[in-house]
Amino acid sequence: RSLGVDTEGKIKDINGIHTILVALDLAQSEATLNKAELLRHLSGVLDHEVIHLLVHYGVFSKADWNILKKFVAAKKRAAFFGVTTGEETYLEEAQRLYPKKSLEVQYEEAVAEAYRDWGQNPSKVVSGKPANLFKRIMNFFRGVGDVLAQQNLLSVDKIFIAIETTPKKRTP
């Protein structure tokens, strides 16, 4: 794929801004999906990558991260796009897919996949404290969306025009 072998998305630093990239050829590689299924799949890729950004910025407290690690170590993942059979936990799947990565990276991948699945079907994936953490993430992004809507910044073009034309405050 355009981002690397079997890479659907990744985080890249572009001029000091961490940006989520989605493989441009993902739509062609998933040609058997209808439009709604493809949008759902792309949404899942973005959900997955959001976890990596949040980890990078240290958003999770140690206690919250440990809750998520415990969850992915115990929860078996349902079959998903032929990647998993439903017999492995999220962590076991990550260990199989990323055998040369550190255990912490494998946990991060497992949590990212759990969040992806939760975004697709919240009631069937997670409950309890892990679900509350995932809901907080979603509510944060909904809040950002609400603020953008209140400012009539509903398109990427409008957001970037506002950034470029807003006077910058100087700090002493």
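Residues numbered from 1 in each chain as written. Predicted model: local features only at pLDDT ≥ 70, side-chain atom pairs only at ≥ 80, totals over all residues. Heavy atoms only, no water.

Novice: Lay out the overall build of the chain in plain terms, naming residues and giving numbers.
Specialist: When its secondary structure is counted, the chain shows eight helices and two strands. A burial count over the chain gives 33% of its 172 residues as buried. In the chain, once contacts between residues fewer than 6 apart in sequence are set aside, the share between residues at least 24 apart is 44%. As displayed, the chain offers around 11,300 Å² of accessible surface, 57% of which is attributable to carbon and sulfur atoms. (Helix = DSSP H or I, 4+ residues; strand = E, 2+ residues; numbered from the N terminus. Buried < 20%, exposed > 50% of the residue type's maximum accessible area, 1.4 Å probe, protein only. Contact = heavy atoms within 4.5 Å. Areas by Shrake-Rupley, 256 points an atom, 1.4 Å probe, with all protein chains shown as cover.)

Novice: Quick rundown of the nonpolar core? Include the residues and the values.
Specialist: Judged by nonpolar contacts, the single largest core of 24 residues is most densely connected at Val72, Phe134 and Ile137. Looking at this core, the elements that each hand over two or more residues are α2 (35-56), α3 (62-74), α4 (90-97), α5 (103-120) and α7 (128-150). Leave out the neighbours within four places in its chain, and valine 72 touches Thr89, Tyr90, Leu91, Tyr107, Ala110, Val111 and Ala114. (Core = buried A, V, L, I, M, F, W, Y, C linked by side-chain atoms within 4.5 Å.)

Novice: So what's going on with the packing of aromatic side chains? Which residues, and what values?
Specialist: By the definition in use, this model includes six aromatic pairs. Centroid distance phenylalanine 60 to tryptophan 65: 5.2 Å. Interplanar angle 45 degrees. Geometry classified as tilted. Looking at tryptophan 65, the relative accessible area reads 10%, which means it is buried. Through successive ring pairs, a cluster of aromatic residues spans Tyr115, Trp118 and Phe134. Over the aromatic face of tyrosine 107 sits the side chain of lysine 69, whose NZ or CZ is 4.8 Å from the ring centroid. (Phe/Tyr/Trp six-rings, centres within 6.5 Å; stacked < 30°, edge-to-face > 60°. Lys NZ or Arg CZ within 6 Å of the ring centre and 35° of its normal.)

Novice: An account of the side chain of glutamate 49 is requested, with residue identities and associated values reported.
Specialist: Within the element layout of this structure, glutamate 49 appears in helix α2. Setting aside its immediate chain neighbours within four residues, glutamate 49 contacts Gly9, Lys10, Ile11 and Ile20.

Novice: Could you give an account of a nonpolar patch on the surface, naming the residues involved and the relevant values?
Specialist: Side chains of Phe140, Phe141 and Val144 sit close together on the surface and give an oily, nonpolar patch of about 270 Å² of accessible area. By secondary structure assignment, the location of phenylalanine 141 is in helix α7. (Patch = residues over 30% accessible without salt bridge, like charges linked within 9 Å, V, L, I, M, F, W, Y side chains within 5 Å. Salt bridge = Lys/Arg side-chain N within 4 Å of Asp/Glu carboxyl O.)

Novice: Describe in detail the pattern of salt bridges, supporting the description with residues and values.
Specialist: Taken as a whole and assessed by the stated rule, the structure comprises seven salt bridges. Of the charged contacts, one joins arginine 116 and glutamate 113 as a salt bridge, the two residues approaching to 3.2 Å between their closest N and O atoms. One end of the pair is arginine 116 and the other is glutamate 113, both in helix α5 and three residues apart, which spans about a single turn. Side by side, arginine 116 and glutamate 113 carry an identical accessibility label, which is buried. Taken together, the shared-partner salt bridges connect Arg77, Glu93, Glu113, Arg116 and Asp117 into one network.

Novice: Just give me the short version of α7, but keep the residues and values in it.
Specialist: Working note: α-helix, 3.6 residues per turn, so residues spaced by three or four point in the same direction. For α7, built from 23 residues, the straight-helix expectation of 33 Å at 1.5 Å per residue is met to within 8% by its first-to-last C-alpha distance of 32 Å. Turning to α7, its buried residues are Pro130, Ala131, Leu133, Phe134 and Ile137. Tucked into the core, α7 has its buried residues touching α2, α3 and α5. Looking at the residues trailing α7, positive phi occurs at asparagine 152, about 60 degrees. (Expected span 1.5 Å × (residues − 1).)

Novice: Requested: an account of the packing of α3 against α7, with residues and values cited.
Specialist: In the contact formed by α3 and α7, the axes pass within 9 Å of each other and the chain directions differ by 120 degrees. Between α3 and α7, the angle is such that the two are oblique. Taken as a pair, α3 and α7 cross one another with a handedness that is left-handed. Across the interface between the two elements, Asp64, Ile67, Leu68 and Phe71 from α3 touch Lys129, Pro130, Leu133, Phe134 and Arg136 from α7. (Axes fitted to C-alpha atoms, helices over the stretch in contact; angles between N-to-C directions. Parallel < 35°, antiparallel > 145°, perpendicular 65-115°, else oblique. Left-handed = near helix turned anticlockwise from the far one by under 90°.)

Novice: Would you mind going over the packing of α4 against α5 in detail, with residue names and values included?
Specialist: Packing of α4 against α5 brings their axes to within 8 Å, and their N-to-C directions diverge by 125 degrees. Looking at the two axes, α4 sits oblique to α5. For α4 against α5, the interelement crossing comes out right-handed. Across from Tyr90, Leu91, Glu93, Ala94 and Gln95 in α4, the residues of α5 making contact are Leu103, Gln106, Tyr107, Glu109, Ala110, Glu113, Ala114 and Asp117. Its residues placed into classes, the contact of α4 with α5 shows seven nonpolar, two polar and four charged. (Nonpolar A, V, L, I, M, F, W, Y, C, P; charged D, E, K, R; others polar.)

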